[in-house]
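# Summary of the model geometry
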Amino acid sequence: ASYDHTGHEHFMAKEIHEQPEAVERALRGRLDPRFHTAHLGGLNLEPREARAIRRVKIIGCGSAYYSGQIGAQLIEELARIPADAEPASEFRYRNPVVEPDTLYVAVSQSGETYDTLAAVQELRRKGGRVLGLVNVVGSAIARECDGGIYLHAGPEISVASTKTFTSTCVAFALLALHLGRIRDLSPSDGRRIAAGLRALPGQIREILAREEHIASLAQELSRSPGAFFIGRVRGYPVAREGAQKLKEIAYLHAEAYPASELKHGPLALVGPDLPTVAVLPDDDLAGKNLATLGEIRARRGPVVAVAHTAPDPKITENVVLVPKNEPELDPILLGVPLQLLAYHAAIALGHDIDKPRNLAKSVTVE
Ligand code: G6P
């Protein structure tokens, strides 16, 4: 009840700025410096059971679903278990095959989203084992699951979620590290990921210090009719969440595409009036991403890049630089500037930041 947005104009701004501490809380007491793994007391999953998992299926709605896409990539990369994410409502209505050796993960900030809750109940009815990645302790979804990870992000009031998105990605990284280390992730990779996780809060602070620059890019963006968001593999779910934020609070039409899909349709719309926000992780797909940006520039499409190193100024001078972590964890950092981009675009347009039209913080009806 005492949670207010003192010191910030809106809850959303406050929650964006609380991310370093939220991540620290998500990590607190969970990293094991001796065995380079993560301890997750609430999982209720014996190592023997964890080793028998053949697949991970993640469900959630909205930003929770997009964080699940990042989570699926982390689990595949670190634990080498096939994993994917699906909107909870779609999952529930297609009468999914529930498998005993699949680990189901339900993601929900509030723990009260009806579609996610109903999907969890259906899974449990059919014998599925479900973990919850939930922020609100004791919420309906948390109670319904077999075990899980609490985010400990603190209250989130703004309808557009920010800190809980980031905290969920961190919780997925912990889960992936935990599963990886009892399967075949090496101690040195475990140490590398643990060190990367510990570096996140400081690096998020570095990004937040660039807010003024991001706000100036957002002002320009707010004058366009909408934007494409593109990324490849690790960058793609980040682009999806970035587009979601711009829609939610700036009411600008924003659509995310895998960068490679641009030439299969959306490129027809690219021109001087339609900017593209490009998420550019510094990985082995960087060259391909730059080639895509070249195609956009050839059609005089404006580009805003969120990247670890500035691309050729001929491609764009509108760059937000993001510190480099480990490649697997970079998506967590690349998402932060996109929150500020949407926030400042919405401010420039004069919208209600914390209570956007037509949306509710948690949708507890079907
Ligand atoms: C609503 C909110 C979204 C949120 C989604 C899932 O639609 O407007 O911001 O991502 O619900 O909420 P949850 O509490 O389940 O994470």
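One numbering rule holds for all chains: residues counted from 1, following each sequence as written. Reporting in this predicted model follows two pLDDT cut-offs: at least 70 for local features of residues, and 80 or more for side-chain atom pairs to be given and counted; totals over whole chains, interfaces and linings ignore these cut-offs and use all residues.

### Comments concerning helix 4 (residues 63-79)
Note the threshold: We count a stretch as a helix when DSSP gives it H or I for four or more residues in a row; a strand needs E for two or more, and each element gets its number in order from the N terminus. By this rule the span expected of a helix is its residue count minus one, scaled by 1.5 Å. The exposure scheme places C-beta atoms from the backbone and then counts, for each residue, the other C-beta atoms within 10 Å of its own, assigning buried at 20 or more, exposed at 12 or fewer, and partly exposed in between.
Helix length check: helix 4, at 17 residues, gives a terminal C-alpha distance of 23 Å against a target of 24 Å (1.5 Å per residue), a fit within 8%. The buried fraction of helix 4 is high, at 15 of 17 residues. Two residues or fewer after helix 4 comes Arg 80, characterised by a positive phi angle close to 55°.

### Notes on the packing of helix 4 against helix 11 (residues 235-250)
Note the following rule: What counts as an axis is a line fitted to C-alpha atoms, over the stretch in contact for a helix, and the angles between N-to-C directions run from 0 to 180 degrees. By definition in this entry, angles of less than 35 degrees are roughly parallel, angles greater than 145 are roughly antiparallel, angles of 65 to 115 are roughly perpendicular, and the rest are oblique. It is the rotation of the near helix from the far one that decides the hand of a crossing: anticlockwise by less than a right angle makes it left-handed, clockwise makes it right-handed. Any two residues are considered in contact once their C-beta atoms, placed from the backbone, lie within 7 Å. Just so you know the grouping, Ala, Val, Leu, Ile, Met, Phe, Trp, Tyr, Cys and Pro go in nonpolar, Asp, Glu, Lys and Arg go in charged, and all remaining residues, Gly too, go in polar.
Helix 11 packs onto helix 4 with a crossing angle of 165° between their chain directions and a minimal axis gap of 9 Å. Judged by the angle between their axes, helix 4 and helix 11 are roughly antiparallel. You can see that helix 4 and helix 11 cross each other, and the crossing is left-handed. Of the residues in helix 11, those in contact with Ser 63, Tyr 66, Gln 69 and Ile 70 of helix 4 are Pro 237, Arg 240, Glu 241 and Gln 244. Taken together, the residues of the contact of helix 4 with helix 11 break down into 3 nonpolar, 3 polar and 2 charged.

### Considering the environment of Arg 181
Positionally, Arg 181 belongs in helix 8 (residues 163-181). With 103 residues separating them in the primary sequence, Arg 181 and Leu 78 have C-alpha atoms 8.5 Å apart.

### A closer look at the site of the ligand
For clarity, the cut-off: We count a residue as near a molecule or strand when its backbone-placed C-beta atom lies within 6 Å of that partner.
Inspection of the region around the ligand gives 17 residues, with Gly 62, Ser 108, Gln 109, Ser 110 and Thr 113 positioned closest. Of the residues in the shell around the ligand, the class split is 7 nonpolar, 9 polar and 1 charged.

### Details of the sheet that holds strand 9 (residues 253-258)
Backbone hydrogen bonds are what pair the strands of a sheet, in a parallel or an antiparallel way. Selection criterion: Two strands make a pair as long as DSSP finds a minimum of two bridges between them.
Pairing in this open sheet of 5 strands is parallel, and the strands run 9-8-10-11-12 from one edge to the other. Single-partner strands in this sheet number two, and they are strand 9 and strand 12 (319-321). Taking each pair of neighbouring strands and ignoring which way they run, the sheet shows an average axis angle of 15°. The strands that helix 10 (residues 211-221) touches are strand 8 (226-231), strand 11 (303-307) and strand 12; relative to strand 12, the one it contacts most, it runs at about 150°.

### What about the nonpolar core?
Heads up, the rule is: Linking buried Ala, Val, Leu, Ile, Met, Phe, Trp, Tyr and Cys residues through C-beta atoms within 7 Å yields a set, and such a set is a nonpolar core.
Among the nonpolar cores identified, the biggest contains 120 residues, and Ile 75, Ala 106, Val 170, Ala 173, Ala 176 and Tyr 343 are the most heavily contacted of them. Take this core: its biggest share by element is 12 residues, from helix 13 (residues 330-349). The contact partners of Ile 75, leaving out residues within four places of it in the chain, are Val 56, Ile 81, Ala 83, Phe 172, Leu 175, Ala 176 and Leu 179.

### Points about the sheet that holds strand 6 (residues 129-134)
Spatial strand order, 4-3-5-6-7: 5 strands in an open sheet with parallel pairing. Looking along the sheet, the strands with just one partner apiece sit at the ends: strand 4 (83-87) and strand 7 (147-150). For this sheet, the mean inter-axis angle between neighbouring strands, taken without regard to orientation, is 20°. Judged from the 5 bridges that link them, strand 3 (residues 55-60) and strand 5 (residues 102-108) form a sheet pairing that is parallel. Looking at the pairing, Lys 57 lines up with Tyr 104 of strand 5. Of the strands in this sheet, strand 5, strand 6 and strand 7 touch helix 8, which is tilted by about 130° from strand 7.

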